[in-house]
Amino acid sequence: MAARGLLCFMAPLVIMAVEVCLLRGAQAKTHRGDIEVLKQLKDAVDPASVTPGSCLASWDFAYDPCDSLFSDRFTCGFRCDSIGSNRITEIALDQAGYSSASLSAVHWSHLPLLQSLDLSGNSFSGPIPAAYSLSNLTRLSLSRNFFSGSIPASLGPSLPGLHELFLDNNAIDGAIPETLNSLTSLVRLELQANKLAGAVPELASLRALSYLDLSDNALSGSIPSLLPPYLVQISMRNNLIEGTVPPTVQSLTYLQVLDLSHNRLSGPVPSVLFTHPSLQQLTLSFNGFDSIEAPNSLMAMQASELIAADLSNNRIRGFLPMFMSLLPKLSALSMENNLMSGMIPTEYAIRAAIPGPGVAQLGRLLLGGNYLFGPIPGPFLGMSADSVVNVSLADNCLYRCPGSFFFCQGATQKSLMECKRFGPIIP
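Owing to the predicted nature of the structure, the values given are computational and were not obtained by experimental measurement.

A separate point is the overall build of the protein. The secondary structure content of the protein amounts to nine helices and 26 strands. At 30 Å, the protein has a C-alpha radius of gyration far larger than the 22 Å of a compact globule built from 427 residues. Dimensions of the protein along its principal axes, counting C-alpha atoms only, are 120 × 50 × 45 Å. Per-residue burial over the protein gives 48% buried out of 427 residues. The average position of the 25 basic charges and that of the 32 acidic charges among the side chains of the protein differ by 3 Å.

Given below as C-alpha cells:
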C-alpha cells in the first residue's frame, strides 16, 4: 500500500517534468524563417567550394540549428539570440574560399534580429547582397570577395542602424551614392580597393563617422569641403583626385591620420596641416604640390601633434622649411624627390643627432633626390652607420658628401651642370 501511495504521489511529478522538458524543447526550436535563410545561403554556395571541416560543411538541417550550435552538426557560421527567442542574430562565415555566382536567392530580410553579416575573405561574386530592411543590422562586411556592380542607392536608407560597412577589396564600380548620408550611425566606412569612379560625395551628415577609407579606386574631382566632423582617419590614396587640400580640414579636431598620397593634388601644402590640433600622421607623397606654406604662429607650431610627415615625390621648390625643426613631436620627415634647393639647416641635423629636451628625435630624415648644396651640417658627421637614425642625403648637389658617409649612400650626387639650373653651388 505504501509503495502504491508513493507511486501515486510521484506520477504527477514525472508528468510535470516531462511537460517542462517538452516545453523547453519547443521554446528552443529555431524560427522557421531563420532556418530557411540558412538553407538558402548554403544552397547558393557552389558545393565544390565547401571543403571538409568548414562551417557550411557541418550544417545538417536534419537537426535544429540553434539547438545544435557548436556541436558537430552546426560547428560555426552563425549565432542565435541568447535570451530564449532563438532567432539568428549573427552570420559570420569562415574564410574557407566559398564561391557563388550570386546570393540574390537569399532572403536576408527574413532575419529581423540579424545584427551582423560577415561574408568576408571568400570568393563570392555577383551583385552586393540585398541585405535590406534589417533595422537591427549594425555590421555588414563583404570584404575581400569578387562582388561587382554598383553600390545600391537603397543601401543607406534601408539600414538605418548600421555602424560598420566593409565593401573593400571587391570589383565594385560606379559612383559612391550620396544616399549613404542616411547612415547617420555609421562609424566606419571602408570602400578601398574597388573600381569606384566619379566625385567623392559630401558625407557631412555622417556625424558619427570616425574612419573613412576610399583608397585604391578611380575617384576624381576635388576633396569635399564639408567632411564628417568626428573623423579620426581619412585615406583617399591612389585615386585621381585633383585640386587642393581644403582649409576646412583644420576643423576636424579629432583627425589623427590623413593619407592623400598618389593623387593629382597641387598648389601649396597648407600650413594648417602642420599646426593641426590632433593630426599625427600626414602622407601627401606622389602628388603635384609645388610649395609649403609656413605657419605664422610659433605657439601653434609648438602645440603641433604631428609625428610623421611624408611630402616626397612632389614638385616642391624652395628651401627646406625651418619651421619643421620646431615641431616638437615630429620624428619622421620625408622630402625625397622634390625640387628643393639651398643648404640643409643645422637645426635639422641637431634634431636627428642630438635633440634637446622636450622634443622628439628626428629618427627618419629623408632628403635625397633634391638639389640641396653646401656643407654637410656638423651634427651629421658625428653619426655612425649603426645609428638608429635613418638619414638620406643621396642624389643632391652635395659635393662634400662621399659614399663613405652612410647618409650619402644609395645614389651619387647630381652633375654640376644639372645642379647649376637651380642656383649657385657651394663646393
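Spatially, S21-S23-S25 is the arrangement adopted by the three strands of the open sheet, whose pairing is parallel. Each end of this open sheet is capped by a strand with a single partner; those strands are strand S21 (317–318) and strand S25 (371–372). For S21 and strand S23 (residues 339–342), the ladder comprises two bridges, and the chain directions are parallel. Residue pairing for S23: Gly-318 is matched across the bridge by Met-340.

Pairing analysis gives two bridges linking strand S7 (residues 146–149) to strand S9 (residues 171–174), with the strands arranged parallel. Looking across to S9, one finds that Gly-149 is bridged to Ile-172. Bridge count between S9 and strand S11 (residues 195–199): two bridges; the pairing is parallel. By the bridge assignment, Asp-173 is partnered in S11 with Lys-195.

With that settled, the discussion passes to the nonpolar core. In this structure, Ile-91, Trp-108, Phe-274, Met-324, Phe-380 and Leu-393 are the most contacted members of the largest nonpolar core, which totals 107 residues. Every element with two or more residues in this core is listed here: helix H2 (32–44), helix H3 (55–58), strand S1 (78–80), strand S2 (88–92), strand S17 (264–269), strand S19 (288–292) and helix H7 (346–353). Ignoring sequence-local partners within four residues, the contact set of Leu-393 consists of Ile-344, Leu-367, Gly-368, Ile-376, Phe-380, Leu-398, Cys-401, Phe-407 and Gln-413. Counting six residues, the second-largest nonpolar core is a separate cluster that includes Tyr-371, Phe-373, Cys-397 and Phe-422.

Let us look at the state of the cysteines. Scanning the entire structure with this criterion turns up four disulfides. With a sulfur-sulfur separation of 2.0 Å, Cys-66 is cross-linked through a disulfide to Cys-80. Because the torsion about its S-S bond is -90°, the bridge between Cys-66 and Cys-80 counts as left-handed. Of the two residues, Cys-66 is situated in helix H4 (residues 65–68) and Cys-80 in strand S1; the sequence distance between them amounts to 14 residues. Each of the two residues, Cys-66 as well as Cys-80, counts as buried. Between the sulfur atoms of Cys-397 and its disulfide mate Cys-419 the distance is 1.9 Å. Sign of the S-S torsion, about -95° for the bond between Cys-397 and Cys-419, identifies this disulfide as left-handed. In this pair, Cys-397 sits in the loop between strand S26 (390–392) and helix H9 (416–420) while Cys-419 sits in helix H9, placing the two residues 22 residues apart along the sequence. Pair check on accessibility: Cys-397 and Cys-419 agree, each one buried. Taken in sequence order, the bonded cysteines of the protein link in the pattern 1-3, 2-4, 5-8, 6-7.

Reading the values: the criteria
What you see as residue numbers is a count from 1 along each chain, following the sequence as written. Per-residue local features of the predicted model are confined to residues with pLDDT of at least 70, and side-chain atom pairs are confined, for both listing and counting, to 80 or more; whole-chain, interface and lining totals are unaffected and use all residues. Excluding hydrogens and water, the side-chain figures rest on all heavy atoms present in the structure. Helix and strand assignments follow DSSP, with helices taken as H or I runs no shorter than four residues and strands as E runs no shorter than two, numbered in order from the N terminus. Our radius of gyration looks at C-alpha atoms and nothing else; its globule reference is 2.2 Å times the residue count to the power 0.38. Here the term buried applies to any residue with accessible area under 20% of the maximum for its type, exposed to any over 50%, and partly exposed to those in between, with areas from a 1.4 Å probe on protein chains only. Positive charges come from Lys and Arg alone, negative charges from Asp and Glu alone, with His and the N- and C-terminal ends not counted. Where a charge lies is defined by one atom per residue type: Lys uses NZ, Arg uses CZ, Asp uses CG and Glu uses CD. Paired strands are those between which DSSP finds at least two bridges. Nine residue types can take part in a nonpolar core, namely buried Ala, Val, Leu, Ile, Met, Phe, Trp, Tyr and Cys, and a core is a set of them joined through side-chain atoms within 4.5 Å. In this description, contact between two residues means that some pair of their heavy atoms is separated by no more than 4.5 Å. By disulfide we mean two sulfur atoms from cysteines, separated by a distance within 2.5 Å.

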